[in-house]
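Topology and contacts: notes
Take a look at the letters that make up each chain.
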Amino acid sequence: MAIRRSPLRRSLLRRSAALAAATTAALVLTACGGDSTPPSRSTHSGHGTTASAAPSAGRTGHNAQDVTFAQQMIPHHRQAVAMAGLAPTRARSQQVKDLAARIRKAQDPEIATMTGWLKAWGASVPEADASGTADMPGMDHSGHSGSGDSAASMPAMPGMMSDAEMSGLEKMSGDVFDRAFLRMMIGHHEGALDMARTEQAKGAYGPATALAKSIVASQSAEIAGMRKMLGER
């Protein structure tokens, strides 16, 4: 015998079926959205963080080697600038005068840059006298032993001229000055190369290692030029 369903029962069944279909569709849409949107945001954010953090760490982080590099290269540069300052009134060769002018033009701004780093790091900045000799206790760069509590942390700087050598250069002129200047500056530059290469190998501060690289390139070229002026091969 057939069972007859009332119109009310049929209406309720149709409504239940429609509700079930709507719920299923909503669940499908939610699942699809969950699979795509969140991973996209996570991936983008992750790359953004890595890209911004790496350059910052490379430029702002510094170590003890960076401090030593700046504290030693400042007086080293100052002495080179002092030596170059003698050339305009003592040198005979225009090539020597031009070289001295280039040294002063390059190294004066570098001194200012490194001084700024030390101040920003809260480290001491070397003082200097008129000859460009550093006035920092313990820095044995003039051919005699240093003194003071910082002697162990501030070793001798390679290539620095002694006070006697600087005084002797001041008394020269003409061809004698030219040859002495070139020989002394070659030795001075070679000392700077040693310091710069150490910074490249052990430094952590990006601008400092970049400056060291620049010093190696420029002063290597100047050494070759000075040897050529002296007739050396």
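Residues numbered from 1 in each chain as written. Predicted model: local features only at pLDDT ≥ 70, side-chain atom pairs only at ≥ 80, totals over all residues. Heavy atoms only, no water.

**A short note on the overall build of the chain**
Selection criterion: The secondary structure listing takes helices from DSSP runs of H or I that are at least 4 residues long and strands from runs of E that are at least 2 residues long, numbered from the N terminus. In this scheme, a residue with accessible area under 20% of its type's maximum is buried, one over 50% is exposed, and one in between is partly exposed, where area comes from a 1.4 Å probe on protein chains only. Residue contacts follow a heavy-atom distance rule, with two residues in contact if any of their heavy atoms lie within 4.5 Å. Note on areas: Shrake-Rupley, 1.4 Å probe, and residue coverage restricted to the protein chains presented here.
Counting its regular elements, the chain contains seven helices and zero strands. Each helix (α) and strand (β) of the chain, taken in turn from the N terminus, gives the series α-α-α-α-α-α-α. Sorting the 233 residues of the chain into buried and exposed places 33% on the buried side. Nonlocal contacts in the chain, meaning residues at least 24 apart in sequence, comprise 72% of its contacts between residues at least 6 apart. In the form shown here, the chain has an accessible surface area of approximately 13,500 Å², with 57% of it arising from carbon and sulfur atoms.

**Some points on the packing of aromatic side chains**
Our working rule: We call Phe, Tyr and Trp rings a pair once their centres come within 6.5 Å, taking the six-membered ring for Trp, and we label the pair stacked below 30 degrees between planes, edge-to-face above 60, and tilted otherwise.
This structure, assessed with the given rule, holds four aromatic pairs. For the ring pair Trp117 and Tyr205, a centre distance of 5.5 Å and an interplane angle of 85 degrees mean the geometry is edge-to-face. Remark: Tyr205 occurs in the loop between α6 (174-202) and α7 (206-229) and Trp117 occurs in helix α4 (residues 94-121); sequence separation between them is 88 residues. Residue Trp117 is classed as buried on the basis of its relative accessible area of 10%. Relative to Tyr205, the ring of Trp121 has its centre 5.2 Å away and its plane inclined at 85 degrees; by these criteria the two rings are edge-to-face. One end of the pair, Trp121, is in helix α4; the other, Tyr205, is in the loop between α6 and α7, with 84 residues separating them in the sequence. Tyr205 shares its class with Trp121; the two are buried.

**Focus on α4**
Counted only if it meets this: Here the expected length of a helix is defined as 1.5 Å per residue gap, with one fewer gap than residues. We call two N or O atoms a polar contact when they sit within 3.5 Å, provided that within protein one can donate a hydrogen and the other can accept it, with sequence-adjacent residues counted only if both atoms are side-chain atoms.
With 28 residues, α4 extends 41 Å from end C-alpha to end C-alpha; this agrees with the ideal 40 Å at 1.5 Å per step. Of all the positions in α4, only Val96, Leu99, Ala100, Ile103, Gln107, Glu110, Ile111, Met114, Thr115, Trp117, Leu118 and Trp121 are classed as buried. Against α2 (64-84), α3 (87-90), α6 and α7 lie the buried residues of α4. At the N-terminal boundary of α4, the capping side chain belongs to Ser93, with an oxygen 3.1 Å from the backbone nitrogen of Gln95. Positive phi shows up at Gly122, right after α4, with a value of about 75 degrees.

**A word on the environment of Met166**
Residue position: Met166 is located in helix α5 (residues 163-170). It is 9.0 Å that separates the C-alpha atoms of Met166 and Gln79, two residues lying 87 residues apart in sequence.

**Re the pattern of salt bridges**
Note the cut-off: The salt bridge criterion pairs a side-chain nitrogen of Lys or Arg with a carboxyl oxygen of Asp or Glu, the two atoms within 4 Å.
Tallying each qualifying case throughout the model produces two salt bridges. For Asp175, the salt bridge is made with Arg92, and the minimal N-O distance between the two is 3.1 Å. Remark: Arg92 occurs in the loop between α3 and α4 and Asp175 occurs in helix α6; sequence separation between them is 83 residues. We classify Asp175 as partly exposed; its relative accessible area is 42%. The exposure class assigned to Arg92 is exposed, which follows from its relative accessible area of 60%. Between Arg227 and Glu190 there is a salt bridge whose closest N-O contact spans 2.6 Å. One end of the pair, Arg227, is in helix α7; the other, Glu190, is in helix α6, and 37 residues separate them in sequence.

**Focus on the confidence of the model for the chain**
What counts is decided by this rule: pLDDT expresses, on a scale from 0 to 100, how confident the predictor is about each individual residue.
A residue-level look at the chain finds 62% of positions with pLDDT of 70 or above and a mean pLDDT of 76. Counted against residues more than four places away or in other chains, residues 24-58, with its pLDDT under 50, gives seven contacts. Contacts for the low-pLDDT stretch residues 134-154, under 50 throughout, to residues beyond four places or in other chains number 38 contacts.

**Description of the side chain of Asp178**
Stated formally: Charged-residue counts in this description rest on Lys and Arg as positive and Asp and Glu as negative, His and the chain ends being excluded.
Its place among the elements puts Asp178 in helix α6. Salt bridges are absent for the buried Asp178, whose nearest opposite-charge side chain, Arg92, sits at 6.3 Å. A distance of 3.2 Å separates the side chain of Asp178 from the backbone nitrogen of Arg92, its partner in a polar contact. Excluding residues within four positions of it along the chain, Asp178 makes contact with Ala91, Arg92, Ser93 and Val96.

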